[in-house]
Amino acid sequence: MSFCKRIFATVVFVFFPFSIFSMGIGAQTDSSFGFSTVRNEKFFPTGIACTIKNDNYPIVFAFCTDFDKLQNSFEFYFTADYWILRPLISSNCTFFAGPGTVAGTSLGSDFFAIYFAPRAVFGFSWILYDGFLEPFVQIGIQPETRLSDKLDYAVKLPVNIGARFYY
């Protein structure tokens, strides 16, 4: 089975028990600032992602692709966040915060790394046009464990801006 088919099958399997009519799908921009503790390197990957959220459950998934000019590397990773806190600030603005996880790969001209990390996220989302559009801003922190030719640790501060459309 091809890689894209596996991702599609995973998404369908995860969201099968949910009501498909409240599914939010959209795009986001990714930028991360970070550093490696063992290799003493700096990171600044930027890119785009597809984000998926079910309106009934505070779980958000993202499939991300980034390019890092400093490392001359390409990254593909998956995030899953659970919004524990969701207080309403105004009639259409919500603050959110919660834990999550990230897993991905980084491919450079002279290295290949696999990484995973717990993460914490917080941000704001707005529900507009009778629940059809949800723009959001999110900031997080993720202490990564990186596996390549050496075991390495990194800390990243991801910043995301995007919008989801509900169907």
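Below, the structure is looked at part by part. (Residues numbered from 1 in each chain as written. Predicted model: local features only at pLDDT ≥ 70, side-chain atom pairs only at ≥ 80, totals over all residues. Heavy atoms only, no water.)

1. Remarks on the pattern of salt bridges
Scanning the model with the defined rule gives five salt bridges in all. Between Arg-119 and Asp-81 there is a salt bridge, with the nearest N and O atoms lying 2.9 Å from each other. Taken as a pair, Arg-119 in strand 7 (residues 112–126) and Asp-81 in strand 5 (residues 73–82) lie far apart in primary sequence, 38 residues in all. In terms of burial, Arg-119 and Asp-81 fall into one category: buried. Where Glu-134 meets Arg-164, a salt bridge forms, and the shortest distance between an N and an O atom there is 3.1 Å. One end of the pair, Glu-134, is in strand 8 (residues 133–147); the other, Arg-164, is in strand 9 (residues 151–166), and 30 residues separate them in sequence. The exposure classification of Glu-134 matches that of Arg-164, with both residues buried. (Salt bridge = Lys/Arg side-chain N within 4 Å of Asp/Glu carboxyl O. Helix = DSSP H or I, 4+ residues; strand = E, 2+ residues; numbered from the N terminus. Buried < 20%, exposed > 50% of the residue type's maximum accessible area, 1.4 Å probe, protein only.)

2. Side note on unusual backbone geometry
Of note in the backbone geometry, Asn-72 takes a positive phi value of approximately 55 degrees without being a glycine. With respect to the secondary-structure elements, Asn-72 resides in the loop between strand 4 (59–68) and strand 5. Overall, Asn-72 belongs to the partly exposed group, its relative accessible area being 45%. Residues other than glycine seldom take positive phi values, yet Asp-130 does so here, at roughly 55 degrees. With a relative accessible area of 86%, Asp-130 lands in the exposed category.

3. Examining the nonpolar core
Grouped together as the largest cluster of nonpolar side chains are seven residues: Ala-49, Ala-62, Cys-64, Tyr-77, Val-102, Tyr-115 and Ala-117. Of all elements in the fold, only strand 4 and strand 7 reach the threshold of two or more residues within this core. Each residue touching Ala-117, except ones within four places of it in the same chain, is listed here: Gly-100, Thr-101, Val-102, Gln-142, Pro-143 and Glu-144. (Core = buried A, V, L, I, M, F, W, Y, C linked by side-chain atoms within 4.5 Å. Contact = heavy atoms within 4.5 Å.)

4. Considerations on the environment of Tyr-153
For Tyr-153, the position within the fold is in strand 9. Tyr-153 gets classed as partly exposed once you look at its relative accessible area, which sits at 40%. Placed 118 residues apart in sequence, Tyr-153 and Phe-35 show a C-alpha to C-alpha distance of 8.7 Å. Contact partners of Tyr-153, with chain neighbours within four places excluded, come to Phe-35, Ser-36, Thr-37, Val-38, Glu-144 and Thr-145.

5. Focus on empty space enclosed by the protein
Tallying each qualifying case throughout the model produces one cavity of 30 Å³ or more. In this model, the largest cavity occupies a volume close to 110 Å³. Along the walls of the largest cavity sit 17 residues, with Gln-28, Thr-79, Arg-119, Gln-138 and Asn-160 positioned nearest its centre. For the lining of the largest cavity, the secondary-structure elements that each account for two or more residues are strand 1 (23–36), strand 4, strand 5, strand 8 and strand 9. (1 Å grid on protein atoms, 1.4 Å probe; cavity = no way out; pocket = protein on both sides within 12 Å on 5 of 7 lines; lining within 4 Å. Points joined across faces, edges and corners; volume = space filled by probe spheres on them.)

6. Overview of the packing of aromatic side chains
One pass over the structure, following the stated rule, counts eight aromatic pairs. Considering the side-chain rings of Trp-83 and Phe-96, the 3.8 Å spacing of their centres and the 10 degrees angle between planes classify their relative orientation as stacked. Note that Trp-83 is positioned in the loop between strand 5 and strand 6 (93–108) and Phe-96 in strand 6, a separation of 13 residues in sequence. Here Trp-83 and Phe-96 have matching classes, each one buried. Centre to centre, the rings of Phe-95 and Phe-124 are 5.5 Å apart; their planes meet at 65 degrees, and the pair counts as edge-to-face. Of the two residues, Phe-95 is situated in strand 6 and Phe-124 in strand 7; the sequence distance between them amounts to 29 residues. (Phe/Tyr/Trp six-rings, centres within 6.5 Å; stacked < 30°, edge-to-face > 60°.)

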